[in-house]
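Geometric and topological summary
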Amino acid sequence: MQELQKKILDVQLYKPGSPKGLENQNFSYENYSLGTESTLAIILKSFLIPKRLSNYDVILTNEYFTSFGINLRLLLTLSKVKHITIGLNQSRRLLKTKVKLVDRILDYIFRRTDLVIVHSRREADLFNHIHNIPANKFYFSLWGYDLPEISVTRFSRWPKPYVCLIGRNNRDLATFMKAIDDKNIDGIIVTSHYETLPEKTPSNVYIFTDLPPNETLDCIKNALASAILLKDNDRGAGHITAVAAMFSGTPQIVSDVEVLRDYFIDGVSAITVPLGDVQAVRIAIERLISDRAYSERLVENARRYAERWLTNERVTKRITYALTKLVERQELDA
C-alpha cells in the first residue's frame, strides 16, 4: 500500500518564495500568503491564520516574525505539527527586551521551531546566541534559485557604466556613496522606501526604491560590478543579490564577513573588502575597470560555482532531505 503524502503548508508574506519542486511523491504542497510586511500584522495574521494546522504534517515559514507567530499558535494549541523555518531573516528590530522574564518567554516561543534552515553558518551561531535556539535545530543550506528571464529596462540603456548596490537589509550605503563619489562612473542604489539614507548624496549616485524584481535584476545584469557592502556581521544579508549576480555574469565586491563567507572566495569568485573601508572599495572598482581579464575570471568562477550548488534543483534537494529526515524522526546530518 502506497504511503500517503505528507502535507506541507508554506506561510509566506506574499507570493511563494520557497524553492519550486517540493511537491513530489512524498510531499504535497500548499501556499498561504499573509499579504503584509507590517511587523504587528505579520505576527497577528500568522497566529490567526484561518487554517486548521493539525491537517498538515509540516508548517513552513520564511521570515522572523512569521516564525514567531506560528510558534505561538502551535504552543498555545499544544500542536505536535512540525514547524520548519527556512531563513530566519531579520531585517528589522529583534523581538528582545531588557526584561529578563519577557526575553525568556520570547526565546521559549522561538525554540518551538523544530528546525531552522539558515543560509549561512554565521546565522546559526547568531540565533543560537540571540534566542537560545539549540544548535542541533539548525541546518545550513546555501541559498539559491533559477534566474528568470530578464526583460530590457532603463538599466539596459543607462548612459554611463555603473556599479550597483542592491538590498534593504544591513546595507552600508554611506561607504558605497563615498567610494563612488567623484568617479567617472555612476552608482545605483536599489533599496526600500523606509531605508534611512545618508544626508548627502553624490551627484553621480542614483537611488531607486521598491523596484519590481525584473528591473532590479536588469540593474544587476548590466552593472560594471555589484557591491554587497554590509554595516556589520550581526545579520544574515545579501544572499539573494549574491546569487543573482553570479548567474547574471556580474563581478562582485563584497564585505569580508562571515554571513557572506560561505558564498565567496576572495580573488577567486569576488573581491572582498573590510567593513566600512571606502578606499578598499574604490581600489576594487578600479581593478575591475582596468583588468578585464581578472573581472571575467571572477565572473566565470562564480557562475560555475552557482551552477553547481545554487540552482533551484540543488536547493530543493537539500530542503527535501531536511524535510524527510524531520518527518521521519531521523537524525539530520547538517
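The notes below deal with the structure included here. (Residues numbered from 1 in each chain as written. Predicted model: local features only at pLDDT ≥ 70, side-chain atom pairs only at ≥ 80, totals over all residues. Heavy atoms only, no water.)

This part covers the overall build of the protein chain. Counting secondary structure elements, the protein chain contains 11 helices and 12 strands. By the compact-globule yardstick of 20 Å for 334 residues, the protein chain fits well, its C-alpha radius of gyration being 21 Å. Along the first, second and third principal axes, the C-alpha set of the protein chain runs to 65 × 50 × 30 Å. The buried share among the 334 residues of the protein chain stands at 53%. For the protein chain, the accessible area works out to roughly 16400 Å², and carbon and sulfur atoms hold 51% of it. Seen as two clouds, the 45 positive and the 39 negative side-chain charges of the protein chain have centres 5 Å apart. (Helix = DSSP H or I, 4+ residues; strand = E, 2+ residues; numbered from the N terminus. Rg over C-alpha atoms; globule rule 2.2 N^0.38 Å. Buried < 20%, exposed > 50% of the residue type's maximum accessible area, 1.4 Å probe, protein only. Areas by Shrake-Rupley, 256 points an atom, 1.4 Å probe, with all protein chains shown as cover. Lys, Arg positive; Asp, Glu negative; His and termini not counted. Charge placed at Lys NZ, Arg CZ, Asp CG, Glu CD.)

Within the open sheet, the 6 strands sit side by side as S2-S1-S3-S4-S5-S6. Their pairing is parallel. Edge positions in the sheet fall to strand S2 (27-33) and strand S6 (138-140), since each has one partner strand and no second. On average, each strand axis in the sheet is tilted by 20° relative to the strand beside it, whichever way the strands run. As defined by bridge partners, strand S4 (residues 82-86) adjoins strand S5 (residues 115-118) across 3 bridges and the pair is classed as parallel. Bridge assignment links Ile 84 to a residue of S5, and that residue is Leu 115. Lying over the sheet, helix H2 (residues 64-76) contacts strand S1 (6-12), strand S3 (58-61) and S4, oriented at roughly 175° with respect to S4. (Pairing = 2+ DSSP bridges. Axes fitted to C-alpha atoms, helices over the stretch in contact; angles between N-to-C directions. Contact = heavy atoms within 4.5 Å.)

Within the fold, Arg 112 resides in the loop between helix H3 (100-110) and S5. With a relative accessible area of 12%, Arg 112 lands in the buried category. A distance of 2.7 Å separates the side chain of Arg 112 from the backbone oxygen of Val 81, its partner in a polar contact. In this structure Arg 112 touches Asn 71, Leu 74, Leu 75, Ser 79, Lys 80, Val 81, His 83 and Lys 137, once residues within four positions along its chain are discounted. (Polar contact = N/O pair within 3.5 Å; in protein donor to acceptor, adjacent residues only side chain to side chain.)

Counting buried residues along helix H5 (residues 173-180), 6 of its 8 residues qualify, which places the element largely inside the surrounding structure. Residues of H5 that are buried include every one of Leu 173, Thr 175, Phe 176, Met 177, Ala 179 and Ile 180, and no others. Residues of H5 that are buried in the fold lie against strand S7 (162-166), strand S8 (186-191), strand S9 (205-209), strand S10 (225-228) and helix H9 (278-290). Positive phi appears at Asp 182, one or two residues downstream of H5, with a value of about 70°.

So, about the packing of H2 against H3. The relative placement of two packed helices comes down to the angle between their axes together with the axis-to-axis distance. At their nearest, the axes of H2 and H3 sit 8 Å apart, and the two run at 90° to each other. Between H2 and H3, the interaxial angle falls into the category roughly perpendicular. Along the contact surface, H2 presents Tyr 64, Phe 68, Asn 71, Leu 72 and Leu 75, while H3 presents Leu 106, Tyr 108, Ile 109 and Phe 110. Split by residue class, the contact of H2 with H3 holds 8 nonpolar, 1 polar and no charged. (Parallel < 35°, antiparallel > 145°, perpendicular 65-115°, else oblique. Nonpolar A, V, L, I, M, F, W, Y, C, P; charged D, E, K, R; others polar.)

This brings us to the packing of H9 against helix H10 (residues 292-309). Packing of H9 against H10 leaves a shortest axis separation of 5 Å and a crossing angle of 100°. The angle between H9 and H10 places the two elements in the roughly perpendicular class. Facing H9, whose interface residues are Arg 287, Leu 288, Ile 289 and Ser 290, H10 presents Arg 292, Tyr 294, Ser 295 and Leu 298. Tallied by class, the residues present in the contact of H9 with H10 amount to 4 nonpolar, 2 polar and 2 charged.

A few words on the pattern of salt bridges. By the definition in use, this model includes 12 salt bridges. When the shortest N-O distance is used, the salt bridge between Lys 96 and Asp 107 registers 3.1 Å. Here Lys 96 is found in the loop between S4 and H3, whereas its partner Asp 107 is found in helix H3, with 11 residues between them in sequence. Across the pair Asp 256 and Arg 261 runs a salt bridge whose closest N-O atoms are separated by 3.2 Å. On the basis of relative accessible area, Asp 256 is assigned to the partly exposed category, the value being 39%. (Salt bridge = Lys/Arg side-chain N within 4 Å of Asp/Glu carboxyl O.)

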